[in-house]
Amino acid sequence: MLLPHPRTGEAFESPVPPGTGWPGDVAAPGTPVARTPDDVARLAASATSLDDLDRDSSVCRACPRLVAWREDVAVVKRRMFRDQPYWGRPAAGFGDPAAGLLIAGLAPAAHGANRTGRLFTGDRSGDWIFAALHRAGVANQATSVDAADGLRLAGVRMAAAVRCAPPDNKPLPSERDTCEPWLRRELELTAPTVRAVMALGAFGWGVVLTVARHLGWDVPRPAPRFGHGAVAPLTRPDGVVVHLVGCYHVSQQNTQTGRLTEAMLDEVLAHALALAAGRTG
Ligand code: SF4
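Everything numeric here is computed off the predicted structure, so don't read it as measured data.

**Focus: helix H6 (residues 173-189)**
- The first and last C-alpha atoms of H6 sit 25 Å apart over 17 residues, in line with the 24 Å expected at 1.5 Å per residue.
- At glutamate 180, H6 shows its strongest bend, of approximately 35 degrees, with the proline proline 181 following within four residues.
- What H6 keeps buried is the set Glu175, Thr178, Cys179, Glu180, Pro181, Trp182, Leu183, Arg185, Glu186, Leu187 and Leu189.

This is the structure we're talking about:
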C-alpha cells in the first residue's frame, strides 16, 4: 500500500524500494545487493567513497533474520505511525563526510530509523543525541523528525554497529560479525579526518575494538573496558591516534532511569569533540 511521506507527501511502499525518491536515499533499483557475509565483505571493501558505502549498505540483505524483522515491522507498523510509509531497510551512516568525530551506535530502532531511514531519527534516543549535538554547536537543530527535516551535522558523523533493526534491540553475534565490514570501511573512508569515536554503549565499544584490530590498529592489552567517560587510544599503522570514548547509550532505559543525564552526555560529548579536534580538554 502506498502512503505519503510525512513531510514531502510523496507516496511510497513499505519497505521503500531503492531509488524511488525517499529523502536521502542514494541507492537505485540496480544497486548491487549483498546477500551473504562474503558479499558484505566484498562490497564494503570495494566502496571508494562514503556515497558508495551508503548506497550499497542501504540495500543489504545478508542477515535473513534481520531482513525479515525489519520488513515485517515496516508492514505491521506501530499504531501511531500506521499512516506513514516505513523505510524498512538498513540505516547507512549519516552526517559530515569530513567528520572528526564518529558516533557509533548499536542499531536502528524498529520505529525510529527503520521508519524514517536516517539514524537516530524519529525516536526518543534521537531526541537525546541530537539535542546534545545542538547544545554542543555541531547540529543546526535540536530535533530530528524525518529524513527531510533539514538536519545538518558539522564535524560529526554517526554510524551503527549493526545497520538493521534487530528484535529486542539485540543482534546475534553472527549478525554483528556479518555487518562489521560496513563499519570497518566507514572508518577507512573517514580516516583522513576522524580522530575520535564515541561508542554509545558496550556493544558499540566492542565492535569498534574489533574493527580497529581488523584494520591493524594497535589496541591496548588487556582490551580497554567500556565505561561512561572511558577513553582508549587506538593507534593506526600510520601512527595517528584515534581516541575511543565510551558513553552510556541514549536508550530510554538509560535516560528515563537517570543512569544517563543530559549533563553526563554533554560532558562526554564535549570531551570526545575536544579529542577529535586535537584538544585534550
Ligand atoms: S545487519 Fe548489516 S549485514 Fe545484516 S542485513 Fe543489515 S546491513 Fe546487512
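Past the structure itself, the notes keep going.
**Digging into the packing of helix H2 (residues 50-57) against H6**
- Packing of H2 against H6 brings their axes to within 10 Å, and their N-to-C directions diverge by 165 degrees. The angle between H2 and H6 places the two elements in the roughly antiparallel class. In this structure, the crossing between H2 and H6 has a hand that is left-handed. Facing H2, whose interface residues are Leu50, Leu53, Asp56 and Ser57, H6 presents Trp182, Arg185, Glu186 and Leu189.
- Among the residues making up the contact of H2 with H6, the classes are represented as four nonpolar, one polar and three charged.

**A closer look at the site of the ligand**
- Lining the immediate surroundings of the ligand are Cys60, Ala62, Cys63, Leu66, Pro90, Val162, Arg163, Cys164, Thr178, Cys179 and Trp182.
- Residue contributions to the shell around the ligand peak at three residues, all from H6.
- Its residues placed into classes, the shell around the ligand shows nine nonpolar, one polar and one charged.

**A look at the side chain of arginine 163**
- Following the sequence through the fold, arginine 163 ends up in the loop between strand S5 (156-160) and H6.
- The buried category is assigned to arginine 163, whose relative accessible area is 1%.
- At 3.1 Å, the side chain of arginine 163 and the side chain of serine 57 are in polar contact.
- A polar atom in the side chain of arginine 163 sits 2.6 Å from the side chain of glutamate 186.
- Dropping the residues within four chain positions of it, arginine 163 is found in contact with Leu53, Ser57, Arg89, Pro90, Ala91, Ala92, Gly93, Pro108, Cys179, Trp182, Leu183 and Glu186.

**Regarding the sheet that holds strand S8 (residues 241-247)**
- The sheet built from six strands is open, its strands ordered S3-S5-S4-S6-S8-S7 with mixed pairing. Lying at the two open borders of the sheet, with one neighbouring strand each, are strand S3 (94-95) and strand S7 (231-235).
- Here strand S4 (residues 101-105) pairs with strand S6 (residues 196-200) via four bridges, running parallel. When the bridges of S6 are listed, leucine 101 appears paired with alanine 196.
- Packing against the sheet, H6 makes contact with S4, S5 and S6, and its axis sits at approximately 165 degrees to S5.

The rules behind each value
- Residues numbered from 1 in each chain as written.
- Predicted model: local features only at pLDDT ≥ 70, side-chain atom pairs only at ≥ 80, totals over all residues.
- Heavy atoms only, no water.
- Helix = DSSP H or I, 4+ residues; strand = E, 2+ residues; numbered from the N terminus.
- Expected span 1.5 Å × (residues − 1).
- Bend = angle between axes of the 7 residues up to and from the residue.
- Buried < 20%, exposed > 50% of the residue type's maximum accessible area, 1.4 Å probe, protein only.
- Axes fitted to C-alpha atoms, helices over the stretch in contact; angles between N-to-C directions.
- Parallel < 35°, antiparallel > 145°, perpendicular 65-115°, else oblique.
- Left-handed = near helix turned anticlockwise from the far one by under 90°.
- Contact = heavy atoms within 4.5 Å.
- Nonpolar A, V, L, I, M, F, W, Y, C, P; charged D, E, K, R; others polar.
- Near = heavy atom within 4 Å.
- Polar contact = N/O pair within 3.5 Å; in protein donor to acceptor, adjacent residues only side chain to side chain.
- Pairing = 2+ DSSP bridges.

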